[in-house]
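Listed here are the chains, written in short residue letters.
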Amino acid sequence: MDTKTLETILTTYGPTGHEDRISSVLRDLVAPYADEVYNDKLGNLIALKRGVSGKKIMLSAHMDQIGLVVVAIDEKGFLRVANVGGVNAPLSAGHQVVFENGTRGAVYFERNEKGVGEVKMNNLFVDIGAESREEAEQLVNVGDMCVFAGRFALMGNRLSCSTLDDRICCAALVEAIQKARSEHDVYYVFTVQEEVGLRGAGTAAYAIEPDLGISLDVTGTGDVPEALPMAVELGKGPTVKVMDSSVIVPPAVRRFMENAAAEAGIPFQREVLRGGGTDTGAVQRTRGGVPAGCISIGTRYIHSPVETCDMRDYENAVKLLCACLERKELPIA
Amino acid sequence: MDVFEALSAMTTAPGVTGNEARVSEVVRGYFRAYTDDISVDAVGNTYARIGETGPTLLVMAHMDEVGMMVTCIEDNGMLRVRSVAGVDPRVLPGSEVTVHGKREIRAVIGAKPPHLQDSGDEKKAYTADDLVCDTGLSADEVNALVGVGDNVTFRLEPPMKLKNSIVAGKTFDDRACVAVMLEAMDILKSRRLNCRVVFCGSVQEESGGLGASAGGYNVKPDLAVAIDVCHAPTPGTKPFDTVEMDRVSVTTGANIHPKVFDMIKASAEEQNIPWETDVAIGATGTDAWSLQPLLGGIPCGLISLPLRYMHTSVEVISLDTLRNCAKVIAGVAANLGADWEEKLCLDD
């Protein structure tokens, strides 16, 4: 994928519940390669590429991003905010944000006795440059959402941007729909509302009734100073998820992915994520149960404005996904 | 049926939450004595069906056990582990465990000895990050045999018999209740049924009930009874949190359909089985909780077997009470027939 397209996918506005803009960007990118493209009632973007086997695979990557929502505007024009998804308050202070209409803001915190590390969401405010409530209300209303102003930085093989979770995997699906050959019906689903409880993926899986679900998301790493023990490092390949807070991947699905990787000579790591859930859990739990697994891209500093991954892992994640889609036999429990 | 033998076979089969294939195989082996109608669904729930006509009663006990998983292999070959669901790190130091790598490997869980701890640490319990799983193997041997994501269970030892039908062992939560289902099938084999009974060994109860929600959807029962363990009194517990070891616990509360409660109570009383009402105001933390809201609502009941020291390798139960649980659930099935809708109706 060319850098400009990747940057567009990463920096288009789309906090949870407001995914229409990123949905339309992704729709334009996948439409030429799909037999059918539609949005469901919740807003999930679904691109279907038909096969001949009669089996259905649902792929998913979430297009929503974490953000801040305006809960009040004070008389001096400062915005008070609450989190949309798992935003870390201390890590938000000192960063620029942007609203859907392009309004920019600076996030800072109440400078009383507290150090920034003790800051809670209630202590944050957003300065949009307004000098009064009235002036602020010309630009922003209570309920509007802002996101970190995505700064896209290529650093050698590595990439830093606030939206790697999970736009990097949206990019992987866009690339896969162009490259993958599969005899199965493959549903490329860009889900909504993952960050507030995996809400889009379950709805999509209910309607699709897939024989196999494969989600793509970011995962933590254990390769930074004083990290908690975790056997995932940047640059060592995408991961095959074993479990996270939302799912324990069936061993048969893991074997399916690991065999695909081994046969295609793609490096991979096994991932046990200590905290955090993924769409995989919601897909697995749909109707009478769906065999579901997850390919992840190791990412440092998740849910901060400087999420960082390795593009070689991204490329291998696309290859691994394509290798899975090319397999005739799908795993059963 | 030799219930101790079945319990031994089932508790020595590994089946950590999310990886229940081996215990499922053992359970299917026991199911086969009572029916040919056996199946496994997409998530691993294991079913046995008896009875041909009438309403469908789903009886569910979970097969999965609390256990651990390898998260990381240290350079020296020590394994770092985390709980998959429900293992309390405070009970782990000094435990004998089995690592389920390319083969089964015996290991122990160790921690920094008290002599070397910083002052003040002696008052704190060990957390998972303080613990290591030590196989005694070299780093090379460990890397050849064990991978991240492999399960670790309490050592696969058969239960031990204490006095008065009391037994102690691993994984009675909830394999003892799978044994209840087997005993119930044994009782029902000589009875003529006016209902269909689907016995289900469910998966992933300990991680939030994936098996129950998939199983309820697949079976579409008219009513369901979950069988699980509850807490028996030990020093320091409160009476309203516990049920005596010799009584069958029958739950009432928001998770339970009042008429299913009545059916269970009637079955116990008809057979003069000692039972006790357990009150659960909200969530019961069992498969009944996951089953209840499915498909427009499933009337649910819950029978529990009292157990001491839950989620350890020395869970303690009474085999007599286990058998009584089986009689109660068998009685519910035997009493169920064409008038089931009237019996469930709340307008009286």
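Before any of the text, the structure's been laid out above.
Here the structure is a predicted model, which means the values were calculated and not measured. (Residues numbered from 1 in each chain as written. Chains lettered and ligands numbered in written order. Predicted model: local features only at pLDDT ≥ 70, side-chain atom pairs only at ≥ 80, totals over all residues. Heavy atoms only, no water.)

Draft legend 1. Examining the overall build of chain A more closely. For chain A, the helix and strand inventory stands at nine helices and 17 strands. In terms of overall size, chain A behaves like a compact globule, its C-alpha atoms giving a radius of gyration of 20 Å where 333 residues would be expected to give roughly 20 Å. Along the longest, intermediate and shortest principal axes, the C-alpha atoms of chain A span 65 × 45 × 40 Å. Within chain A, the fraction of its 333 residues that count as buried is 57%. At a minimum sequence separation of 6, the contacts of chain A that also span at least 24 residues come to 75%. (Helix = DSSP H or I, 4+ residues; strand = E, 2+ residues; numbered from the N terminus. Rg over C-alpha atoms; globule rule 2.2 N^0.38 Å. Buried < 20%, exposed > 50% of the residue type's maximum accessible area, 1.4 Å probe, protein only. Contact = heavy atoms within 4.5 Å.)

Draft legend 2. The sheet that holds strand 17 (residues 308-310) of chain A, seen in detail. All names here are of chain A. On the basis of which strands lie adjacent, the open sheet formed by three strands has the order 10-11-17 and antiparallel pairing. Two strands bound the open sheet, and with one partner strand each, they are strand 10 (153-155) and strand 17. On average, adjacent strands in this sheet sit at an angle of 25 degrees to one another, irrespective of strand direction. With three bridges joining them, strand 10 and strand 11 (residues 158-160) adopt antiparallel strand pairing. (Pairing = 2+ DSSP bridges. Axes fitted to C-alpha atoms, helices over the stretch in contact; angles between N-to-C directions.)

Draft legend 3. Expanded view of the interface of chain A and chain B. Contacts between chain A and chain B engage 24 residues on the former and 29 residues on the latter. Buried surface at the junction of chain A and chain B, summed over both partners, amounts to about 2000 Å²; 58% is from carbon and sulfur atoms. For the pair chain A and chain B, the number of links is two salt bridges. Arg 270 of chain A is paired through a salt bridge with Asp 150 of chain B; the nearest N and O atoms lie 3.2 Å apart. Put simply, chain A and chain B have nine residue pairs in polar contact (both at pLDDT 80 or more) between them. Broken down by secondary-structure element, the contributors of at least two residues to the side of chain A that touches chain B are strand 14 (239-243), helix 7 (251-264) and strand 15 (269-272) of chain A. A breakdown of the residues in the side of chain A that touches chain B according to their chemical character gives 16 nonpolar, three polar and five charged. (Buried area = accessible area lost by both parts, 1.4 Å probe. Salt bridge = Lys/Arg side-chain N within 4 Å of Asp/Glu carboxyl O. Polar contact = N/O pair within 3.5 Å; in protein donor to acceptor, adjacent residues only side chain to side chain. Nonpolar A, V, L, I, M, F, W, Y, C, P; charged D, E, K, R; others polar.)

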